[in-house]
Amino acid sequence: VMVESPTYFHALRPVLNSLQKFEMEDFPLKNEIVHAVSSSELPLYLNSAQTINTKAVEPKTADAQDVYVKEFLAYADRYKLLESSQSEALLHALNNRLAIVQGPPGCGKTFLGVKIVQLLLSLQPQLTGPVLLLTYKNHALDEFLKAMFQFCEKENIVRIGGRSKEPQLEECNLQTILKNERYTLARFNEIQDIRIAIGDKTEEIKSIAGTIRNSSFLTRESLLQEMSEAQVFEVLQSKKIVGVTITGASINHDLLQLLGPSVVIVEEAAEILEPSLLAALTPQLQHLILIGDHQQLRPNVDTYKLTTDFNFNVSLMERLIKSNFPYKTLAKQNRMRPEFSALLHDIYPKLEDNLPRVSQNKPLGCLDKSMFFWTHNHTEKKERTITNEKEAEMVASLVLYLLSSGCKPNEVTVLAAYLGQVKTLRGKMKKHRIDYPELHPNDEQVTVQTIDMYQGDENKYVVVSLVRCNDKGSVGFLSNINRRCVAQSRAQCGMYFVGSADTLRGKEQGRRCWEKLLTGMEEQRCVGSKITLQVCKFDVRVIGN
């Protein structure tokens, strides 16, 4: 009998095993996690720490100094490297055993997380073990760890898991470190003695084979495995920072339980399933910091019934926020042009712009508008997934125009609501590379990704293919405002939607999600079936669908 599971069970099995054994009664953050009751107590290690270095928050490195921890926690807002909401969030994160920081798109969540780590590593006396960094995606973990190089040597950082695409992190990879590990002669001799002793016991082991098979420590193979685990533990324990995705944490659950980190910082916390996060925590935990945005995408749940009947798609972060647990929100965005961020005010009413920063994001000279909703009525095609060939052609023509007007391929990202459309668009981008090699130097590619997979990323110019177009007004998961939030918040300089405005407005579920965006763009004359191209200042052209 062959059974196919829709999920990657290897990553879930340790989580399920851990939850079966989970002792919440003795868990140090039980009141915060279970009952959503905040504590006024400092994390234990901060209570015993004496000084902290201010380099992380000083605009000038020369002004950095060691100050008493309690003095810093009382007056950290006087350091001007952070804007006011970041200072408040930093103090909140350090002063609470369980701290939550929400950050709208472009508000510097990762930046703040890096500053927190830098401050913690400057404590005297130093932390007794490494800080554990957890993320949802590999790319987010890579970016988080690369930022640590500013203040932490590579030899003090380890990344668990082999799916990093960053050459800079290769020497930080756990497997690379283990390969390069060189034993001293004494350790080598010790291992040889153990192996000889094991060999001497071979006959005795065979005589009680039945008992040995059920033992976790008597067989030669298991003893060597335990030696290997001890080596891994020794490597991890010697580091200052350990980074791993939540999937990697699940697979390496036993190792993390053995490591027992007292400080855990979670990036993309609103995307992580609560059971997976709980399983990654240990009884030695003293400080848990959750950084994310519950207004963007929720955790992915493969079984729909678990979402509708049991709210499995609600993260620990969102559950606590909705239970009135204290949290801080970052207020000033540093990514989008102001006209883009203004369209997010129905989701983030208090969102502000860092004008000196975002005013540097110059719009394209080759298009009449910095943002546009290019609407059409080309019907979608539904098979295993949903695609829209005509819409894909519109997107491809717009991207080709951007490239021919001087945009670099790595400055343009194409997002699609459905995986089938992603495949269609990648095929068209591949044809562009073949037909127009001069527009793709060194075979550079335009990134094509689903909206969901691109959360946390950004680019200068973003084209979004919404796919849905039908006379029933059916929009599927495009009715999810969290997804709309992600789609419209990735672009720095140019944001272009391609889709059917009529379909999005066809039924209440679509209107409820998209009406504010469409109305806001219409008020600025940024919705239409034709898009104006500024070929040069004397030659204005219009292309339609």
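Residues numbered from 1 in each chain as written. Predicted model: local features only at pLDDT ≥ 70, side-chain atom pairs only at ≥ 80, totals over all residues. Heavy atoms only, no water.

Looking at an unreviewed UniProt entry, one finds the protein chain named NFX1-type zinc finger-containing protein 1, with Nematostella vectensis as its source organism.

Chemist: How should I be thinking about the nonpolar core in this particular structure?
Modeler: A general tendency of soluble globular proteins is for nonpolar side chains to be buried together. If you look at the biggest cluster of nonpolar residues, it comprises 112 residues, and the most contacted ones within it are Phe72, Ile265, Leu367 and Phe497. The leading source of residues in this core is helix α20 (residues 389-404), at 10 residues. Both domains that furnish three or more residues to this core are identified here as domain 1 (9-176 + 230-330) and domain 2 (336-528). Filtering out sequence-adjacent residues up to four positions away, Ile265 remains in contact with Ile116, Val117, Val131, Leu132, Leu133, Leu134, Phe144, Ile289 and Ile291. By size, the runner-up hydrophobic cluster in this structure holds 41 residues, among which are Leu134, Val158, Val264 and Ala269. (Core = buried A, V, L, I, M, F, W, Y, C linked by side-chain atoms within 4.5 Å. Buried < 20%, exposed > 50% of the residue type's maximum accessible area, 1.4 Å probe, protein only. Helix = DSSP H or I, 4+ residues; strand = E, 2+ residues; numbered from the N terminus. Domains from an automatic or database assignment. Contact = heavy atoms within 4.5 Å.)

Chemist: Sorry, what's going on with the sheet that holds strand β19 (residues 527-528) here?
Modeler: Strands in a sheet are paired, the pairing made by backbone hydrogen bonds, and the direction either parallel or antiparallel. Taken in spatial order, the 6 strands make up an open sheet running β16-β15-β17-β18-β12-β19, and their pairing is parallel. A strand with exactly one partner marks an edge of an open sheet, and here the two such strands are β16 (447-450) and β19. Where strand β17 (residues 459-465) meets strand β18 (residues 491-499), 6 bridges bridge the pair, whose relative direction is parallel. Across the sheet, Val463 pairs through a bridge with Tyr496, a residue of β18. The strands touched by helix α21 (residues 419-435) within the sheet are β15 (412-416), β16 and β17, with β16 carrying the most contacts at an inclination of about 170 degrees. (Pairing = 2+ DSSP bridges. Axes fitted to C-alpha atoms, helices over the stretch in contact; angles between N-to-C directions.)

Chemist: When you look at the side chain of Arg490 in this model, what are you seeing that I'm missing?
Modeler: Relative to the helices and strands, Arg490 is located in the loop between α22 (481-487) and β18. Within the buried core, Arg490 has no salt-bridge partner, and the shortest N-O distance to an opposite charge, that of Glu458, equals 6.5 Å. Within the structure, the side chain of Arg490 is placed 2.7 Å from the side chain of Ser489, a separation counted as a polar contact. Setting aside chain neighbours within four positions, we find Arg490 in contact with Pro105, Gln296, Arg335, Leu415, Tyr454, Gln455, Gly456, Asp457, Glu458, Asn459 and Val462. (Lys, Arg positive; Asp, Glu negative; His and termini not counted. Salt bridge = Lys/Arg side-chain N within 4 Å of Asp/Glu carboxyl O. Polar contact = N/O pair within 3.5 Å; in protein donor to acceptor, adjacent residues only side chain to side chain.)

Chemist: Please clarify how unusual backbone geometry should be interpreted in this entry.
Modeler: Most peptide bonds adopt trans geometry, and most residues besides glycine take a negative phi value. For the bond running from Gln124 to Pro125, omega is -5 degrees, close enough to zero to count as cis. Relative to the assigned elements, Pro125 resides in the loop between α6 (109-121) and β4 (131-135). The backbone of Asn311 shows a phi angle near 55 degrees, a positive value even though the residue is not glycine. Considering the arrangement of structural elements, one finds Asn311 in the loop between α16 (304-310) and α17 (316-322).

Chemist: Even after reading the chapter, I still don't get the packing of aromatic side chains, so can you show me in this structure?
Modeler: Given two aromatic rings, one states the distance between the centres and the angle between the planes to describe the pair. In total, this model carries 4 aromatic pairs according to the counting rule given. An aromatic cluster is defined as three or more aromatic residues linked by ring pairs; in this entry it consists of Phe373, Phe497 and Trp514. Directly above the aromatic system of Phe477 lies the positively charged group of Arg483, at a separation of 4.2 Å from the ring centroid. (Phe/Tyr/Trp six-rings, centres within 6.5 Å; stacked < 30°, edge-to-face > 60°. Lys NZ or Arg CZ within 6 Å of the ring centre and 35° of its normal.)

Chemist: Got a minute to help me understand the sheet that holds strand β3 (residues 98-102) in this structure?
Modeler: The sheet built from 7 strands is open, its strands ordered β5-β6-β4-β7-β8-β3-β9 with parallel pairing. Looking at the sheet topology across the chains shown, the edges are occupied by β5 (157-159) and β9 (328-329). As defined by bridge partners, β4 adjoins strand β7 (residues 263-266) across 3 bridges and the pair is classed as parallel. What sits directly across from Leu134, in β7, is Val266. Taken strand by strand, α6 contacts β3, β4, β6 (241-245), β7 and β8 (287-292), and its axis lies near 160 degrees from that of β8.

Chemist: Any chance you could explain the pairing of β3 here in plain terms?
Modeler: One face of the sheet, then the other: side chains in a regular strand alternate in exactly this way. Among the 5 residues of β3, 5 are classified as buried, and the element is accordingly described as predominantly covered. Side chains Leu98, Ile100 and Gln102 of β3 all project onto a buried face; the interleaved residues Ala99 and Val101 project onto the opposite face, where all are buried too. Of the pairings in the sheet, the one linking β3 to β8 comprises 5 bridges and is parallel in character. Following the sheet pairing, Ala99 is matched in β8 by Ile289. Pairing of β3 with β9 involves 2 bridges; the strand directions are parallel. Counted as the bridge partner of Gln102 is Thr329 from β9.

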